[in-house]
Amino acid sequence: MLRVEGLYSGYGRIEALHGIDIDVREGEIVALIGANGAGKTTLLMTICGNPRASAGRVTLAGEDITGLPTHLIARRGLAHSPEGRRIFPRMSVLENLRMGASIADPRHFKDDLDRVLGLFPRLGERLDQRGGTLSGGEQQMLAIGRALMSRPRLLLLDEPSLGLAPLVVRQIFEIIATINREQGVTVLLVEQNAFHALSLAHRAHVMVTGRIALSGSGAELLNNPEIRAHYLDGGAGGGAVSTS
Amino acid sequence: MAAALSPPLIRSAALAAVVAALLALPLMGVRLVDSSSGLSLAGRPDLVAWAAGGVFCGRLLIDLFRRWIADFSIRLPLPPPPPDWTRFAVGWGLALFALVLPFLPFADRNLVDKATMVLIYIMLGWGLNIVVGLAGLLDLGFVAFYAVGAYSYALLSLTFGLSFWVCLPLAGLFAAVFGIALGFPVLRLRGDYLAIVTLGFGEIIRIVLQNWQDLTGGPIGISGIERPSLFGLSFKAVPPEGQTSFAEFFGLDYSADHRVIFLYFLILILALATNLFTLRIRRLPVGRAWEALREDEIACRSLGINPTTIKLSAFALGAMFAGFAGSFFATRQGFISPESFTFIESAMILAIVVLGGMGSQIGIVLAALLLVGLPEWFRDLQMYRMLAFGAAMVLIMLWKPSGLLSSRAPTIRLGGRA
Ligand SMILES: Nc1ncnc2c1ncn2[C@@H]1O[C@H](COP(=O)(O)OP(=O)(O)OP(=O)(O)O)[C@@H](O)[C@H]1O
Ligand SMILES: [Mg+2]
């Protein structure tokens, strides 16, 4: 579905990605974990065309999308729920969801809305509330719900559990699993919460300072002692996983 | 309010007074006197004392006022946004009032004339609201499109003899093209940078009008612009060859008031059309995208929205309405010159939008009445008029920092109109 080959990218002179290769197959959940500043957000943003890749290739379902502007990439069925949620704070929940359906056929709106509200009943109770007055967890639900309104084939999620209570984190991850299982949406998930992400994911990659340091199935990585030490068990994280 | 006069308040007021005194010393504190030994300087400590004292009291009052408002808002729960029917009622009430205004007993020619002026600014405010209020693009050169509309009408009408009704859409179109021309280079700019470039654009247009003598008549302007007619009925005392006059047609005695009232209704219709257009487009995908773009451009892109077309459409449509208003202005005055299109006009329109509450249609009406209407009526105050204007602005910003009406109605509700 999504294939990233030898991707280099950065901000101005600063290079943040030094040759990334990953691929996400249809129907999979792939997790991407790594310390702060490893370049996870940059990777998702570069896949979406902003910043532009300085070298390498991104293909979506066989089509080369490297260098396309962001909105055209979105129209090819790739939805991105960016870091920090980025909902529209002054607009109502319903308006936010309607914005998510901007590129979808307006005739599907009602069905898509019912589907998303089925996943997030909390949003259904708050349709007229302003986005900015939702709780953090509700905002995250709105960000995911909004991304789903365009009927994407591939969903990129950047830290959906950021700042949420453990119970809500579990809910969010259950919903991601549901989206993947029942609606057949392929998911590329960036997470700090490595335990949940690795339990959920079919496959996972570990990123260290702009490179993929380790790859494997979710279960493999969960049991990998190095991963356990650095990303689970309250380890210090850092860039200590060797690149070898 | 008991413990209100606390030391920090007095200290801040005293500090302001000292600054005022320092400023007043060179500005007001000395004057030249003509004495027998030639010119000499005399001190005027009383004026400096007045300035410092005035600032001290003013500062104190403002602080107390602020505290009082803060107390108030802590004690009271936030008021819920007004229900839709009040918006509806107020909107239609104002529209009805505007419709019957010229026929009310106290409405003389002077009042209708001033109401026309206010309506021009309301229409300009509604046009700029698309750009600034909805799309969030700070435009300091809006008057340029007003000027393009006015000159388009004047030149088309004088050169080709086209009627107002033919020129009106053309003027709107030209203004929209200029809107796009401004939009392209500033697509990547936001905030302060955008404001500076649009400010420059406004000045460029004015300076071109001033210097392109052959076309625009330069600083002298264009006079003898054709006045509008109602389906070919002229409003002149002696209609031109082959035309009937309005008074003759309806069997009325000729009165100059007819034209004044006609112009009033003309701008009323144009303004209402602008309003209905905005209310409608807010509920369409383009309009909603304007507001979303104001909130978060990155999120918009990732939802598949092309910011380029959305921004350009806001610039073009806002400019189009300014173009309509401009041609109305030209036909009403019969004379235009670059002097009518200075930066101060842009600032005024922007002030109306900002004080009205950035995006609120009724707020803009209130702000236009306050900023354009009141000063017109208080011309008797003469030199204190601008002082009153400034004071009104400061008071609004203190009392309602986010504008007169800052609540926003959602553009879509479940089960409602989409
Ligand atoms: N806009 C920017 N301009 C310059 N440098 C940036 C910018 N955004 C990110 N960087 C740098 O790029 C590197 C990768 O950042 P990125 O946001 O991708 O990390 P991350 O893995 O998402 O971290 P986190 O887990 O904290 O979100 C960091 O060194 C960061 O400082
Ligand atoms: Mg990140």
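Residues numbered from 1 in each chain as written. Chains lettered and ligands numbered in written order. Predicted model: local features only at pLDDT ≥ 70, side-chain atom pairs only at ≥ 80, totals over all residues. Heavy atoms only, no water.

I would appreciate a short explanation of the overall build of chain A in the present structure.
Secondary structure assignment for chain A yields ten helices and ten strands. For chain A, the C-alpha radius of gyration of 17 Å lies close to 18 Å, the compact-globule estimate for 244 residues. When the 244 residues of chain A are sorted by exposure, 57% land in the buried category. Sequence separation of at least 24 residues holds for 66% of the intrachain contacts in chain A that already meet a minimum separation of 6. A total accessible area of about 9,900 Å² is found for chain A, and carbon and sulfur atoms account for 49% of it. Put simply, chain A has 26 plus and 25 minus side-chain charges, and the middle of one group is 5 Å from the middle of the other. (Helix = DSSP H or I, 4+ residues; strand = E, 2+ residues; numbered from the N terminus. Rg over C-alpha atoms; globule rule 2.2 N^0.38 Å. Buried < 20%, exposed > 50% of the residue type's maximum accessible area, 1.4 Å probe, protein only. Contact = heavy atoms within 4.5 Å. Areas by Shrake-Rupley, 256 points an atom, 1.4 Å probe, with all protein chains shown as cover. Lys, Arg positive; Asp, Glu negative; His and termini not counted. Charge placed at Lys NZ, Arg CZ, Asp CG, Glu CD.)

Is there a simple way to explain the sheet that holds strand 6 (residues 78-81) of chain A in this structure?
Consider a sheet: its strands pair through backbone hydrogen bonds, and that pairing is either parallel or antiparallel. Residues and elements named next belong to chain A. As summarised here, the arrangement of the six strands in space is 6-7-8-3-9-10, forming an open sheet in which the pairing is mixed. Single-partner strands in this sheet number two, and they are strand 6 and strand 10 (211-217). The sheet shows a mean angle of 15° between the axes of neighbouring strands, taken without regard to direction. The pairing of strand 3 (residues 29-34) with strand 9 (residues 203-208) spans five bridges and is classified as parallel. Each bridged residue has a counterpart across the sheet, and for G34 the counterpart in strand 9 is M207. On the sheet, helix 6 (residues 136-148) packs against strand 6 and strand 7 (154-158) and is oriented at approximately 170° with respect to strand 6. Contacting strand 3, strand 7 and strand 8 (186-191), helix 7 (residues 166-183) crosses the sheet at an angle of about 160° to strand 8. (Pairing = 2+ DSSP bridges. Axes fitted to C-alpha atoms, helices over the stretch in contact; angles between N-to-C directions.)

Mind showing me how you'd approach the UniProt feature "transmembrane region" (unreviewed entry) in chain B here?
Residue and element names in this part refer to chain B. In the numbering used here, UniProt assigns the "transmembrane region" (unreviewed entry) feature to residues 85-106, 118-147, 153-181, 193-209, 261-279, 310-329, 349-371 and 383-399. When the span residues 118-147 is considered, its composition is 73% helix and 0% strand, and the gap between its end C-alpha atoms is 18 Å. This span, residues 310-329, is 100% helix and 0% strand, and a straight line between its end C-alpha atoms measures 29 Å. (UniProt positions renumbered as here; feature names shortened; annotations may be inferred.)

Got a minute to help me understand unusual backbone geometry in this structure?
Residues and elements named next belong to chain A. At the junction of N50 and P51, the peptide bond is cis and its omega measures out at 5° in the coordinates. Locating P51 in the fold gives a position in the loop between helix 1 (40-47) and strand 4 (55-60). Positive phi values are uncommon outside glycine, yet R151 reaches one of about 50°. Take R151: it is sitting in the loop between helix 6 and strand 7. Relative accessible area serves as the criterion here: at 41%, R151 is assigned to the partly exposed category.

What's the story with the interface of chain A and chain B in this structure? I'm lost.
Interfaces are frequently sized by the accessible area removed from exposure as the parts join. The partner chain B presents 26 residues to the 24 residues of chain A that form the contact. Buried area between chain A and chain B, summed over both chains or domains, comes out near 2,400 Å², and the portion from carbon and sulfur atoms is 61%. Across the salt bridge formed by E295(B) and R90(A), the nearest N and O atoms sit 3.7 Å from each other. The set of elements that each furnish at least two residues to the side of chain A that touches chain B consists of helix 2 (70-75), helix 3 (93-100) and helix 4 (109-119) of chain A. Top contributing element to the side of chain A that touches chain B by residue count: helix 3 of chain A, with five residues. Residues of the side of chain A that touches chain B, tallied by class, amount to eleven nonpolar, six polar and seven charged. (Buried area = accessible area lost by both parts, 1.4 Å probe. Salt bridge = Lys/Arg side-chain N within 4 Å of Asp/Glu carboxyl O. Nonpolar A, V, L, I, M, F, W, Y, C, P; charged D, E, K, R; others polar.)

Mind showing me how you'd approach the nonpolar core here?
Most often, soluble globular proteins have nonpolar side chains that are buried together. Membership of the largest hydrophobic core comes to 106 residues, with the highest contact counts inside it found for Y264(B), W290(B), I336(B) and F341(B). Among the elements that take part in this core, helix 4 (residues 109-134) of chain B stands out by supplying 17 residues, more than any other. Other than its neighbours up to four places away in sequence, Y264(B) contacts A98(B), L101(B), P102(B), V112(B), A115(B), T116(B) and L119(B). Core analysis: the next-biggest nonpolar cluster, separate from the first, contains 55 residues, L127(A), L155(A), A194(A) and L200(A) among them. (Core = buried A, V, L, I, M, F, W, Y, C linked by side-chain atoms within 4.5 Å.)

Hey, could you run me through the pattern of salt bridges in this one?
Should the charged atoms of two oppositely charged side chains come close, the side chains can pair. All names here are of chain B. This structure, assessed with the given rule, holds 24 salt bridges over all chains. Two residues, R206 and E203, come together in a salt bridge whose shortest N-O distance is 2.8 Å. Residue R206 and its partner E203 are both found in helix 7 (residues 191-211); the two are separated by three residues, about one turn of the helix. Judged by relative accessible area, which is 18%, R206 ranks as buried. The exposure class of E203 is partly exposed, given its relative accessible area of 24%.

Where do I start with the coordination of the magnesium ion (ligand 2) in this structure?
In an ideal octahedron of six donors the angles at the metal are 90 or 180 degrees, and in an ideal tetrahedron of four donors they are 109.5 degrees. Residue and element names in this part refer to chain A. Coordination sphere of the magnesium ion (ligand 2), protein contribution only: T41 (OG1) and E83 (OE), at 1.8 to 2.4 Å. A residue pair is termed long-range when its members are at least 10 positions apart, and T41 in helix 1 and E83 in the loop between strand 6 and helix 3 qualify at 42 residues. Here E83 falls in the partly exposed class, since its relative accessible area comes to 34%. (Donors = N, O, S within 2.8 Å, 3.2 Å for Na, K, Ca; no water.)

I would appreciate a short explanation of the site of ligand 1 in the present structure.
Residue and element names in this part refer to chain A. Taken together, 13 residues lie near ligand 1, and K40, T41, T42, E83 and Q192 sit nearest. In the environment of ligand 1, an oxygen atom lies 2.7 Å from a nitrogen or oxygen atom belonging to the side chain of K40. The element best represented in the shell around ligand 1 is helix 1, accounting for three residues. Residues belonging to the shell around ligand 1 are distributed by class as follows: four nonpolar, six polar and three charged. (Near = heavy atom within 4 Å. Polar contact = N/O pair within 3.5 Å; in protein donor to acceptor, adjacent residues only side chain to side chain.)

Can you walk me through the packing of helix 14 (residues 343-356) of chain B against helix 15 (residues 361-377) of chain B in this structure?
Axes are the key here: two packed helices are described by the angle between their axes and the distance separating the axes. Residue and element names in this part refer to chain B. Between helix 14 and helix 15, the shortest axis-to-axis distance is 8 Å and the interhelical angle comes to 130°. Here helix 15 runs oblique to helix 14, going by the angle between their axes. Along this stretch, helix 14 crosses helix 15, giving a crossing that reads as right-handed. From helix 14, M348, A351, I352, V353, L355 and G356 reach across to helix 15, where they touch G363, I364, A367, A368, L371 and V372. Tallied by class, the residues present in the contact of helix 14 with helix 15 amount to ten nonpolar, two polar and no charged. (Parallel < 35°, antiparallel > 145°, perpendicular 65-115°, else oblique. Left-handed = near helix turned anticlockwise from the far one by under 90°.)

How should the packing of aromatic side chains be read in this particular structure?
Aromatic rings in a pair are described by how distant their centres are and how their planes are angled relative to each other. Inspection of every chain in the model, using the stated rule, returns twelve aromatic pairs over all chains. Aromatic pair F321(B) and F324(B): ring centres 5.9 Å apart, planes at 75°, arrangement edge-to-face. With F321(B) and F324(B) both in helix 13 (residues 307-333) and three residues apart, this pair spans about one turn of that helix. Assigned by exposure class, F321(B) and F324(B) land together as buried. The rings of Y146(B), Y151(B), F329(B) and F341(B) are connected pair by pair, giving a single aromatic cluster. The side chain of R146(A) reaches across the aromatic face of F88(A), ending 4.8 Å from its centre. (Phe/Tyr/Trp six-rings, centres within 6.5 Å; stacked < 30°, edge-to-face > 60°. Lys NZ or Arg CZ within 6 Å of the ring centre and 35° of its normal.)

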